[in-house]
Amino acid sequence: KKNIKDKNMKKVLIILSTGFEEIEAVSIIDILRRAEIDVAVATINELLTKGAHSMLIQADKKLEEIENLDVFDMVVLPGGGENTQNLADSSLVKQTLKQMKDKGKYVGAICAAPYALHKADVLNDKYTCYPSFEEKIDSSTYTKEELVVIDDKVITSQGPATAMKFALELVKILEGEKIYTDVKNGLLATNLQSFYRFAHFFPKNLKNYE
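As the structure is a computational prediction, the values presented were derived from the model and not from experiment.

The next thing to look at is the side chain of Glu169. The residue Glu169 is located in helix α5 (residues 163-175) in this model. Residues within four places of Glu169 in sequence aside, it is in contact with Val148, Ile150 and Tyr180.

Phi is positive for Glu36, close to 60 degrees, though the residue is something other than glycine. Relative to the elements of secondary structure, Glu36 occurs in the loop between α1 (22-34) and β2 (38-43). Glu36 gets classed as partly exposed once you look at its relative accessible area, which sits at 22%. Positive phi is not limited to glycine here, since Asp152 has a value of about 60 degrees. Within the secondary structure, Asp152 is located in the loop between β8 (148-151) and β9 (154-157). For Asp152, a relative accessible area of 63% puts it in the exposed group.

Evaluated as defined, the whole model comprises two aromatic pairs. The interplanar angle of 50 degrees and the centroid separation of 5.9 Å between the aromatic rings of Tyr127 and Tyr142 together place this pair among those described as tilted. With a gap of 15 residues between them, Tyr127 in the loop between α4 (114-119) and β8 and Tyr142 in the loop between α4 and β8 connect regions that are remote in the sequence. Classification of Tyr127 as buried rests on a relative accessible area of 1%. On the accessibility criterion, Tyr142 (17% relative accessible area) is buried. The positively charged end of Lys136 is found above the aromatic ring belonging to Tyr115, 5.8 Å away from the centroid. When the ring centre of Tyr106 is taken as origin, the NZ or CZ atom of Lys153, which lies over that ring, is 5.1 Å away.

Rules and cut-offs
- Residues numbered from 1 in each chain as written.
- Predicted model: local features only at pLDDT ≥ 70, side-chain atom pairs only at ≥ 80, totals over all residues.
- Heavy atoms only, no water.
- Helix = DSSP H or I, 4+ residues; strand = E, 2+ residues; numbered from the N terminus.
- Contact = heavy atoms within 4.5 Å.
- Buried < 20%, exposed > 50% of the residue type's maximum accessible area, 1.4 Å probe, protein only.
- Phe/Tyr/Trp six-rings, centres within 6.5 Å; stacked < 30°, edge-to-face > 60°.
- Lys NZ or Arg CZ within 6 Å of the ring centre and 35° of its normal.

Right, dumping it as structure tokens:
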């Protein structure tokens, strides 16, 4: 296994604020760490940050304390309505996203958070998001059919139910097919595609999984 201080270890910055969507944040953090990716959780609020459903996550640092973005390979934003608005309104978040994209790093967002990418002017043409938020971005380039959309180095996804698939795609991008497959099999996620296909064509059946 890789040592946590391994210089070759991929590093991901996850940015949170009050009202983040817990399923998305925890799924991303957990699955990336299962792939032995070094994850740093930064907040623009208090270190103990409250999610949309009152769950708490202890961030590693405040975003303002992150001094060197060069060490990160990717930045990811979980969604949640309040969190998304906070991130979209933050000049520091916008600056961070722009710097990461300008440096050729990966930028990811799920649920409502692609709106924050849009506000920072780092969202590429093709994207997906939580339904209805495309009206705040650009509905002409919104992709409804794909649960995860990769447009160059910008990766977007739709919401809580797609969080595991999104996180696994991030693993594949950073660590390759073998690690992706190992983590996916360890999660018993081999039948995810069948579930998503079933839910997409028969949305009423999603009620059984709520």
